[in-house]
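Analysis of the macromolecular model
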Amino acid sequence: MGDLSALKEMLFPDAVGMVLDRLTELDGMVVAEAHSAVPELICPDCATVSRRVHSRYGRRLAEYPVGGRQVVVKLGVRRFFCDAAGCGRRTFVEQVEGLTTRYARAGPGVKTLWRSVALAAGGRPGMRLCRSLAVPTGRARLLGQLHAPDVPARSPRVLGVDDFAFRRSRTYGTILVDVETSTPIDLLPDRTSETLAAWLTSHPGAEIICRDRDSGYSRAIKEAAPDATEVADRWHMLQNLSSAIEKTCHQHRACLHKYALDDVDAPTPPTAPPTALLPLTPPLDNIPATPLMQRVTQRHAEIHRLREATWTISAIARRFGLDRKTVRRYLTTDLEVLIASARDRRPRQLDPYRSYLQQRFTDGCTNAAQLYREIHEHGYRGNHQAVRLYIRTMRGGTAAAEPPRPTPTPRKITAWIMRPRDGLSREEQDQLDEVRIACPDIATACDLARVFAGLVRDRRGHLLADWIREAETNGPGPVRGFAGFLRQDWDAVHAGMTLDYSSGVVEGHINRLRRSSGRCTAEAPSGSSAPASCCDRDRHEIPTRPKFKERHQRSLGWVIAAPCCARTNPGTPGGNTQQREPQAP
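Residues numbered from 1 in each chain as written. Predicted model: local features only at pLDDT ≥ 70, side-chain atom pairs only at ≥ 80, totals over all residues. Heavy atoms only, no water.

**Details of the overall build of the protein chain**
Regarding its fold elements, the protein chain presents 23 helices and twelve strands. With 585 residues in all, the protein chain has 44% of them scored as buried. Taking as baseline every contact in the protein chain between residues at least 6 positions apart, the subset at least 24 positions apart corresponds to 62%. Split by element, the accessible area of the protein chain, about 29,800 Å² in all, is 51% carbon and sulfur. (Helix = DSSP H or I, 4+ residues; strand = E, 2+ residues; numbered from the N terminus. Buried < 20%, exposed > 50% of the residue type's maximum accessible area, 1.4 Å probe, protein only. Contact = heavy atoms within 4.5 Å. Areas by Shrake-Rupley, 256 points an atom, 1.4 Å probe, with all protein chains shown as cover.)

The structure is reproduced here in structure tokens:
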């Protein structure tokens, strides 16, 4: 293969004392056979020079690929005797400087590559990427290249605090981030005020603390860092306002229903679905006891009864054959809202064309095939059978009345209100205008919400007091409650609407935690304050090994002198994980 020494300098320039014996290709893989030519070694314990060889054996190491081909080094190493009488080590193995370390099966260059891939892609995606790069490895070894640094003794000047889920609705923790450098600092085992206060006491130095609207964090900051400036996150303020607006829309569905009944509009063209405001669900007292209402009411009562009997969400879901998210929605949503959602059925494909079919049938065209071709030219994409069945009901005089048009739900109305007006389409603007005409309270909530959103986006905190007074005087009930909550947390809210700091950086790291599913083998650093267990996406039970914090710190990319890159592995440490829970009693 020519001059092997020159090839050795090209392929393994950092390997000191290595001699390349042969270079071959086997099944698309480059195999480099080599040995060490160092005549003597020093005992790692007593530093005695040894020349006496005990035995020889071979090691197999992964190295950088060549020409897109995997490179494997078959290295012959020697085990030496230690002749020092007082040394407890009788033998030791030679290490080739720049190539091998104890127990390693890859060179230092490949380890650096694996670490970069683990930071950028995570476990399984990184494993697939390494296979494409001709440096194959497993996800456990890939994530094993990441190590978390020690927690600094002092807190950063601008500290971000927020909670995240190890297991949603079960176990939560707290993440601490340096907002100015976007660097994760520590993970706490829970989200209690006592834990955060203890951390702030042992790590002084925070001057500005960005947090959400959690009162527990506020109590901890006032107790452990009373001189720090609290900054309420702007996104959470808008989210709380959105919840108040949606609750207002739920409370005033009767107004919209009455307006829709009193409003008589001209019929819309059959080729396009109508967009006028439609009747919403009336109050529960006015809804007849239909089978649908009875079924939803009974299921709502049974789910709450089982939950009060300490049944888990998974057990209840198995009992009724429902999804876990459906059970959680029954537990967290009012019965009136559930019934309204159940009655709001998705329109069928034929619904926009029924008035046209009825008109043509009245004109004397009763051929289903002909009518199907006509509405197909106007955009109908359903099948012929639906048209034929509908024409049959008209012949027999049993055709149902024209179905109700799609109803703007409270969530959709809230979305129209919270978005800038220039971001709405003409159709959405018209529907929102009709909602405002139908209900003065929703119109007032819309005006207040848009003014508040402008204050938040433009950092006009000096006008916040006037907005709160206006909301408490003229706003609907949920908006008044939101304004009162702002008044209780005045200092943090005012700082959030004045300063440039926010919890956006913290939310980004929480998102990385949600997408991570790390597996770790190294112990956590000595300064760990995290619990000894956490959920593992590939396991059906919560592990009890004390390597939990290292796993989540690795998912954040906590490696010195390396960027904190997002991970792309789907799944969340505490969210949508399919984990087995105890069976129901």
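Still more to cover.
**Points about the packing of helix α9 (residues 291-308) against helix α11 (residues 324-332)**
At a minimum axis distance of 9 Å, the contact between α9 and α11 shows a crossing angle of 90 degrees. Regarding the angle of α9 to α11, the classification is roughly perpendicular. In contact with V296, R299, H300, I303, H304 and R307 of α9, α11 contributes V327, Y330 and L331. Looking at the contact of α9 with α11 residue by residue, the class counts come to five nonpolar, two polar and two charged. (Axes fitted to C-alpha atoms, helices over the stretch in contact; angles between N-to-C directions. Parallel < 35°, antiparallel > 145°, perpendicular 65-115°, else oblique. Nonpolar A, V, L, I, M, F, W, Y, C, P; charged D, E, K, R; others polar.)

**Comments concerning the pairing of strand β1 (residues 18-26)**
With eight bridges joining them, β1 and strand β2 (residues 29-36) adopt antiparallel strand pairing. Considered in β2, the bridge of T24 is made with V31. The turn joining β1 and β2, which pair antiparallel and follow one another in sequence, is formed by two residues; a positive phi near 55 degrees is taken by D27. (Pairing = 2+ DSSP bridges.)

**Re the packing of helix α13 (residues 354-362) against helix α14 (residues 368-377)**
Two elements in contact, α13 and α14, have axes whose closest approach is 11 Å; the angle formed by their N-to-C orientations is 140 degrees. As the angle between them shows, α13 and α14 are arranged oblique. The two elements α13 and α14 meet at a crossing, and its hand is right-handed. Contacts between α13 and α14 pair Y356, L357 and R360 from the former with L371, E374 and I375 from the latter. Considered class by class, the residues forming the contact of α13 with α14 number four nonpolar, no polar and two charged. (Left-handed = near helix turned anticlockwise from the far one by under 90°.)

**Remarks on the nonpolar core**
One finds I245, I417, F452, W467, L486 and M497 to be the most contacted residues of the largest nonpolar core, which totals 37 residues. Among the elements of the structure, α7 (234-251), α16 (410-418), α17 (426-438), α18 (440-458), α19 (464-474), α20 (477-488) and α21 (490-496) are those that each provide at least two residues to this core. Look past the residues within four positions of L486 in its chain and what remains in contact with it is R213, M237, F452, L464, W467, I468 and V493. Among the nonpolar cores identified, the runner-up in size contains 18 residues, and L159, L176, I185 and A225 belong to it. (Core = buried A, V, L, I, M, F, W, Y, C linked by side-chain atoms within 4.5 Å.)

**Overview of the pattern of salt bridges**
All told, the structure shown has 24 salt bridges when counted by the stated rule. Across the pair E94 and R78 runs a salt bridge whose closest N-O atoms are separated by 3.0 Å. Residue E94 is located in the loop between β7 (91-93) and α2 (108-121), and its partner R78 is located in strand β6 (residues 69-81); the two are separated by 16 residues in the primary sequence. By the burial criterion, E94 is buried, and R78 matches it. We note a salt bridge from R487 to E472, for which the minimum N-O separation is 3.1 Å. Here R487 is found in helix α20, whereas its partner E472 is found in helix α19, with 15 residues between them in sequence. Look at E472 and you get partly exposed, because its relative accessible area is 31%. Among the charged side chains, a network of salt bridges with common partners joins R211, K222, E230 and D489. (Salt bridge = Lys/Arg side-chain N within 4 Å of Asp/Glu carboxyl O.)

**So, the sheet that holds strand β9 (residues 171-178)**
The sheet built from five strands is open, its strands ordered β10-β9-β8-β11-β12 with mixed pairing. A single partner strand is all that each edge strand has here, and the edge strands are β10 (183-188) and β12 (229-232). Between one strand axis and the next, the sheet turns by 30 degrees as a mean value, whatever way the strands run. Sheet contacts for helix α5 (residues 193-202): β8 (158-167), β9, β10 and β11 (208-211); angle to β10, the most-contacted strand, approximately 130 degrees.

**Things to note about the environment of I175**
Among the secondary structure elements, I175 is positioned in strand β9. Judged by its relative accessible area of 0%, I175 is buried. Sequence separation of I175 and G160 is 15 residues, and the distance between their C-alpha atoms is 8.0 Å.

**A look at the confidence of the model for the protein chain**
In this model, the protein chain carries an average pLDDT of 78, and 78% of its residues clear a pLDDT of 70 or more. Residue range residues 264-287 is modelled with pLDDT below 50. Its contacts to residues more than four positions away, or to other chains, number 50 contacts. Confidence over residues 517-585 falls short of pLDDT 50; this stretch has 202 contacts with residues more than four positions distant or in other chains. (pLDDT = per-residue confidence, 0-100.)

**A few points about the environment of L142**
Looking at where L142 falls in the secondary structure, it is placed in helix α4 (residues 139-143). The spacing of L142 and S116 is 26 residues in sequence and 9.5 Å in space, taken between C-alpha atoms. Setting aside residues no more than four positions away along its own chain, L142 makes contact with W114, V117, A118, G122, G123, G126, M127, C130 and T137.

**Remarks on unusual backbone geometry**
You will see that A134, though not glycine, has its phi angle at about 65 degrees, which is positive. Following the sequence through the fold, A134 ends up in the loop between α3 (124-132) and α4. For A134, a relative accessible area of 10% translates into the label buried.

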